[in-house]
Each structure stands twice: as C-alpha cells, then as structure tokens.
Amino acid sequence: MMEISRRSVLAIMAGGVASTGVAFAAVSSFSDEDLVRVTLEKYLGGLNMRIEHLQQFVLEFRNRNPWLFPSEKLGDAVTLLETAKLGQARRLLPKRKQRDLRHFDRWVVAEFHMLTDYASRSSPSDPIRFTGWQPCTNPFATLDPPKTA
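Residues numbered from 1 in each chain as written. Predicted model: local features only at pLDDT ≥ 70, side-chain atom pairs only at ≥ 80, totals over all residues. Heavy atoms only, no water.

Here's the deal with the overall build of the protein chain
For clarity, the cut-off: To qualify as a helix, a DSSP run of H or I must reach at least 4 residues; to qualify as a strand, a run of E must reach at least 2; elements of each kind are numbered from the N terminus. Each residue's exposure class comes from its accessible area (1.4 Å probe, protein chains only) as a fraction of the maximum for that residue type: buried when under 20%, exposed when over 50%, partly exposed otherwise. Should any heavy atoms of two residues lie within 4.5 Å, those residues are counted as being in contact. Areas reported here follow the Shrake-Rupley algorithm with a probe of radius 1.4 Å; residue values treat only the protein chains shown as occluding.
Of the regular secondary structure elements, the protein chain holds five helices and zero strands. Burial statistics for the protein chain: of 149 residues in total, 27% are counted as buried. Across the protein chain, the fraction of contacts at a sequence separation of at least 24, relative to all contacts at a separation of at least 6, is 60%. Summing over all exposed atoms, the protein chain offers an accessible surface of approximately 10,900 Å²; the carbon and sulfur share of this is 60%.

Printed below as a string of structure tokens:
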C-alpha cells in the first residue's frame, strides 16, 4: 500500500494553488484586441497588422456595436482557448453562448473587411491598415431619401 506524507499533500496543494493563480493571471491579462485578433486569425490566417491599427479597428468596432462583444469572462476564456488551439471546446458551451460567439465572429470579420484595406492590398504580405468608413464612390447611387406619396 502506498503512503502519502503530509509534505507531499502540501506540495500538491501548493502546486494547484500556484497553477490556478498563473491561469487566472493569464486570463485576466487579455484585452479586446486579443479577442479580436484570435477571432480574425481563426478565419483569415496570420495578420500583418500593426497594433495601433488593430486598436483603432477594435475601438471603432466597439463604438459601433457595443452589444456584440461577449462578456469579459467569456471573451477571456475564448481568447485563451483559441490561443491554445482548443477552439473546439466552444461546443461545450450552452447553445445561446455558441450562437452569440458565432454572431460576434461574423460581425468582426465583416466589419474588418469594411474598415481596413485587407481586401484591397496588392499582396498578402502587405501590412493591413485601418482606414475607417469610406464614403460611397458608386456614381449610380441614389443618396436621396425615398419619397412617400
């Protein structure tokens, strides 16, 4: 029979407390930029984008769609899972949370295409820049409000 000493039990407990503290510190250090970056990299691959442009994009996205961001705890958990390449764990979430995250992912990718020069770069190695909203350049667009009878 195996005997466990008091020292080994204390060492195991200390290790558990230390690893919990490290995990909490890692998760609490994530920001909105981290969440948006891992989301975009999940769908678009590696991003060649300066942090200033990413921060401007996230700020504009948050100002336009504040209700789309997941809660802070959920966002941190998703960031950690995507960073650790464990994104399949999303399937363990409740259906409503899964739907909210899919909705967030779709909006981030769509707004990224509209607010950056991602699609208009000459090569994939060119850096991505935040451009903001561009005015309509369609010469056939009718910008007058519709007339009612």
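What follows picks up the thread again.
Some thoughts on a positive patch on the surface
The test is simple: Like charges are joined within 9 Å and nonpolar side chains (Val, Leu, Ile, Met, Phe, Trp, Tyr) within 5 Å, but only among residues with over 30% relative accessible area and no salt bridge; these make up the patches. Salt bridge criterion: a side-chain nitrogen from Lys or Arg within 4 Å of a carboxyl oxygen from Asp or Glu. Just so you know, the count uses Lys and Arg for positive and Asp and Glu for negative, and it drops His and the chain ends. Each charge is placed at NZ for Lys, CZ for Arg, CG for Asp and CD for Glu.
A cluster of basic residues, Lys-95, Arg-96, Lys-97, Arg-99, Arg-102 and Arg-106, forms a positive patch at the surface. Relative to the helices and strands, Arg-99 resides in helix α5 (residues 95-115). Its relative accessible area of 44% is what places Arg-99 among the partly exposed residues.

Some details on the packing of helix α2 (residues 32-44) against α5
The line we're drawing: All axes are obtained by fitting lines to C-alpha atoms, using only the stretch in contact for helices, and the reported angles, taken between N-to-C directions, cover 0 to 180 degrees. In these notes the angle categories are as follows: under 35 degrees is roughly parallel, over 145 is roughly antiparallel, 65 to 115 is roughly perpendicular, and the rest is oblique. Think of it as three bins: nonpolar holds Ala, Val, Leu, Ile, Met, Phe, Trp, Tyr, Cys and Pro, charged holds Asp, Glu, Lys and Arg, and polar takes everything else, Gly as well.
One can describe the packing of α2 onto α5 by two numbers: an axis separation of 10 Å at closest approach and a directional angle of 85°. Between α2 and α5, the interaxial angle falls into the category roughly perpendicular. In this structure, α2 uses Leu-35, Val-36, Thr-39, Leu-40, Lys-42, Tyr-43 and Leu-44 to contact α5, whose residues at the interface are Phe-104, Asp-105, Val-108, Val-109, Phe-112 and His-113. A class-by-class count of the residues in the contact of α2 with α5 yields nine nonpolar, two polar and two charged.

Some details on the packing of aromatic side chains
Our working rule: The pairing test for Phe, Tyr and Trp rings, Trp by its six-membered ring, is centres within 6.5 Å, and the orientation test on the planes gives stacked under 30 degrees, edge-to-face over 60, and tilted for anything in between. Criterion for a charge above a ring: Lys NZ or Arg CZ within 6 Å of the ring centre, and within 35 degrees of the ring normal.
This structure, assessed with the given rule, holds six aromatic pairs. Centroid distance Phe-57 to Phe-112: 5.5 Å. Interplanar angle 85°. Geometry classified as edge-to-face. One end of the pair, Phe-57, is in helix α3 (residues 51-64); the other, Phe-112, is in helix α5, and 55 residues separate them in sequence. The same class applies to Phe-57 and to Phe-112, which are both buried. Ring plane angle 70° and centroid distance 6.1 Å describe the contact between Phe-61 and Phe-104, whose orientation is recorded as edge-to-face. Taken together, the positions of Phe-61 in helix α3 and Phe-104 in helix α5 put the pair 43 residues apart, joining distant regions of the chain. One aromatic cluster is present, formed by Phe-57, Phe-61, Phe-69, Phe-104, Phe-112 and Tyr-118 through successive ring pairs. The positively charged end of Arg-62 is found above the aromatic ring belonging to Phe-69, 4.0 Å away from the centroid.

Looking at α3
So the rule is basically this: For a helix, the expected span equals 1.5 Å multiplied by the residue count minus one. For this quantity, the arc is that covered by the directions from the helix axis to the C-beta atoms.
Taking 1.5 Å per residue as the helical rise, α3 with its 14 residues ought to reach 20 Å, and the 20 Å between its terminal C-alpha atoms agrees with that figure. Listed in full, the buried residues belonging to α3 are His-53, Leu-54, Phe-57, Val-58 and Phe-61. Along the axis of α3, the buried positions cluster into a sector of 135°, meaning they face one direction only. In α3, the exposed positions angled more than 90 degrees off the buried face are occupied by Leu-59 and Asn-63.

Considering the nonpolar core
We apply this condition: Each nonpolar core is a collection of buried residues, namely Ala, Val, Leu, Ile, Met, Phe, Trp, Tyr and Cys, held together in the definition by side-chain atoms within 4.5 Å.
By size, the foremost hydrophobic cluster in this structure holds 21 residues, and its most contacted members are Val-36, Leu-40, Phe-57, Phe-104 and Phe-112. Of all the secondary-structure elements, those providing two or more residues to this core are α2, α3, α4 (72-83) and α5. Setting aside residues no more than four positions away along its own chain, Leu-40 makes contact with Gly-45, Leu-47, Phe-57, Val-108, Val-109 and Phe-112.

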